[in-house]
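Examination of the molecular architecture
Residues per chain, in single letters:
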Amino acid sequence: GEDVEQSLFLSVREGDSSVINCTYTDSSSTYLYWYKQEPGAGLQLLTYIFSNMDMKQDQRLTVLLNKKDKHLSLRIADTQTGDSAIYFCAEIPGSGNTGKLIFGQGTTLQVKP
Amino acid sequence: DAGVIQSPRHEVTEMGQEVTLRCKPISGHNSLFWYRQTMMRGLELLIYFNNNVPIDDSGMPEDRFSAKMPNASFSTLKIQPSEPRDSAVYFCASSQESGARGYRNTEAFFGQGTRLTVV
């Protein structure tokens, strides 16, 4: 089936690390994505990881993939108030035969000064 | 490119009226998505087009919803008749799929959304 689950809310202090978690059900997903939505705007792609990778780092962002447990996480180092947003995990299910993107419910990240 | 353009940005309508949401995807993109976002249900995929053809409309709530893509540069989502429970933000997104079958990668670009309120 096609299902992506995330916790709904995370609150951290400025300067701390944030870890946002996601689980998915389709083991054949080849690409997994993290999108960010700022207030009043559409979603923007932050980063993605190919399923044969365990980790991908991009500046302050680290993506970890545990394919056995179907668990994806996004770590934001040195979290800033500008990182406050909703973060969505997404997958392309069905062995990647189409570009159909399925999103989780989104995790609201609140960064306190 | 100006990105994905949606219109209108805001729509307030009375229950029972027809509502048409419009989307212009990014030029050259071959896939188009309509999503609905609410607090209760999060981001739901309504319908997905590839090369102007509807591939998956399993997320369309009911017969009151219909979507068309008459050409590569335009799509509409119509609700007739509208109901208060249709109130949501509707997003259109487009992408250019890359990669071989079975390994498709796609970065979806989202429009600003249309905030629909049905009273």
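Our structure's up above, just so we're on the same page.
All of the points below concern the structure found in this document. All residue numbers refer to position in the chain's written sequence, counted from 1. In the order they appear in the text, chains get letters beginning with A and ligands get numbers beginning with 1. Only residues with pLDDT of at least 70 get local features here, since the model is predicted, and only at 80 or more are side-chain atom pairs given and counted; chain-wide, interface and lining totals rely on the full set of residues. For the side-chain quantities, the full set of heavy atoms in the structure was used; hydrogens and water were omitted.

**Notes on the state of the cysteines**
Throughout, disulfides are identified as pairs of cysteine sulfur atoms within 2.5 Å of each other. Following the criterion strictly, the structure yields two disulfides over all chains and no others. Residue C22(A) pairs covalently with C89(A) via a disulfide, S to S 2.0 Å. Judged by the sign of its S-S torsion, about -60 degrees, the cystine formed by C22(A) and C89(A) is left-handed. Here C22(A), found in strand 3 (residues 18-24), pairs with C89(A), found in strand 9 (residues 85-91); they are 67 residues apart in sequence, far enough to count as distant. Since its relative accessible area comes to 2%, C22(A) is described here as buried. Put simply, C23(B) and C92(B) are joined by a disulfide, and their sulfur atoms are 1.9 Å apart. Runs of E in the DSSP output that reach at least two residues are strands. Runs of H or I that reach at least four are helices, and both are numbered from the N terminus. Under the scheme applied here, a residue whose accessible area is under 20% of the maximum for its type counts as buried, over 50% as exposed, and between as partly exposed, the area being computed with a 1.4 Å probe on protein chains only.

**Looking at the sheet that holds strand 1 (residues 4-6) of chain A**
Residue and element names in this part refer to chain A. The strand order across the open sheet built from five strands is 1-3-8-7-6, with neighbouring strands paired in antiparallel fashion. Edge positions in the sheet fall to strand 1 and strand 6 (55-58), since each of these pairs with one other strand and no more. Averaged over all adjacent pairs, the angle separating strand axes in this sheet is 15 degrees, with direction ignored. In this analysis, strands are considered paired if DSSP registers two or more bridges between them. Both strand 1 and strand 3 contribute to a ladder of three bridges, which runs antiparallel. Bridging from a neighbouring strand, V4 pairs with Y24 of strand 3. Note on geometry: axes are lines fitted to C-alpha atoms, helical ones only across the stretch in contact, with angles between N-to-C directions running from 0 to 180 degrees.

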